[in-house]
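# Structural characterization, general
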Amino acid sequence: MDLDAIAARLGVPPDEVDRVHRLAGDLPSAPLPGKADAPALLARLAVGPDDAAEIMAGWPDPGSPWWTPELRWLLDRSIALVRADLGGPGWLPPGPELPRERGPAYRHLYVYAYLALVDVTTRFHRDHGVPEDVTWLTLSDLGRNLAIDRRMNGEGWPVMQSWLTLHARGSVYELGRLQFHRGGATLDLHIPETGPLTPEAVDASLGLARAFFPRHFPDETYPAFACGSWLLDPQLAEYLPGDSNIVRFQRRFELEPDEEPEGIDADVEVLRFAFRSLTTPLDRLPRGTALQRAIVDHLQAGRHWRWRRGSFPV
């Protein structure tokens, strides 16, 4: 197997192909669902019509002109790579960032990998007694992320493709307003784009989590909920009213020292989540909410946002 040749044909760095080969090795993959069953599965995963049409158009049929041997190799080894870390809590890139302009097979390769892993994930959930409604609500984050990426003209997918491996490995669960990330020293909170972050919705979600994890993962103990996000930056309180949902969410946390993790640029993360754009000039960003106005005014003043992490007892 010539890994350098595979990388050249895929248009990606050789070290990223080598990483996939090293992590996946000869480990077992998993088959895709039947093509006839795919539309119903995509609907259950909340994939919108435009994205579903593209996914079906690029389906890895035998003999498809899209699916070269190296692309089929990457799909198979990406599935094996993620499956081998079932239950693992870390962020896991499933493979290299692909030149998505080459067509639907390149654009959605990691979606096909996710679909192949659905049976693996649902079996993991059943083994832990996770209710079906939680399983499918959690896995339907695929459709939400595809819709966001479409709004972002493809800018969001490199992060999303790694994020979604957490769902596929049984590490993230959506319980009410929040998503909960198990497997670390704390039970980490993530905030999907599903509506207002009201104190009542947050309280209800935390209550669900307090019951869910001892029941379904009794060998794991979490002394605290934690969150790492620009949403915890105290600078937001300079702009937002004290009774805003974000400020009230911040007040739940005791912040750790102000040290931004390597590889995270809070200014970029703010633009990604608040505007779903990384390239729109500041003076052209919408200013329809107090949060949007705060973000733009802060950056236009030459200041920067900070990524902060905090926690509070379970």
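To be clear, the structure that these remarks concern was listed above.
Presented here is a report on the structure given in the accompanying data block. None of the values given here were measured: they were computed from a predicted structure.

An α-helical turn contains 3.6 residues, so a residue and the one three or four places further along point in the same direction. Over its 19 residues, helix α7 (residues 109-127) extends 28 Å from the first C-alpha to the last, a length consistent with the 27 Å expected when each residue adds 1.5 Å. The largest bend along α7 measures about 40 degrees and falls at Leu117. In the stretch just after α7, Gly129 is the one whose phi turns positive, near 70 degrees.

This next bit is on the environment of Leu10. Its place among the elements puts Leu10 in helix α1 (residues 3-10). Residues Leu10 and His298 lie 288 residues apart in sequence; the distance between their C-alpha atoms is 41 Å. Not counting chain neighbours up to four residues away, the residues in contact with Leu10 comprise Val17, Glu70, Leu71, Leu74, Pro99, Arg102 and Tyr106.

As for its position among the elements, Arg19 is in helix α2 (residues 14-24). Nearest to the buried, unbridged Arg19 among oppositely charged side chains is Glu16, at 6.7 Å. The residues touching Arg19, leaving out its near neighbours within four places in the chain, are Leu81, Leu92, Pro93 and Gly95.

Once that is clear, we can look at unusual backbone geometry. At Ala46, a residue that is not glycine, the phi angle is positive and equals roughly 65 degrees. Here Ala46 shows up in the loop between α3 (38-44) and α4 (49-57). Judged by relative accessible area, which is 43%, Ala46 ranks as partly exposed. Unusually for a residue other than glycine, Asn153 sits at a positive phi of about 55 degrees. Structurally, Asn153 is set in the loop between α9 (141-151) and α10 (157-168). What makes Asn153 exposed here is its relative accessible area of 72%.

The rules behind these values
Residues numbered from 1 in each chain as written. Predicted model: local features only at pLDDT ≥ 70, side-chain atom pairs only at ≥ 80, totals over all residues. Heavy atoms only, no water. Helix = DSSP H or I, 4+ residues; strand = E, 2+ residues; numbered from the N terminus. Expected span 1.5 Å × (residues − 1). Bend = angle between axes of the 7 residues up to and from the residue. Contact = heavy atoms within 4.5 Å. Buried < 20%, exposed > 50% of the residue type's maximum accessible area, 1.4 Å probe, protein only. Lys, Arg positive; Asp, Glu negative; His and termini not counted. Salt bridge = Lys/Arg side-chain N within 4 Å of Asp/Glu carboxyl O.

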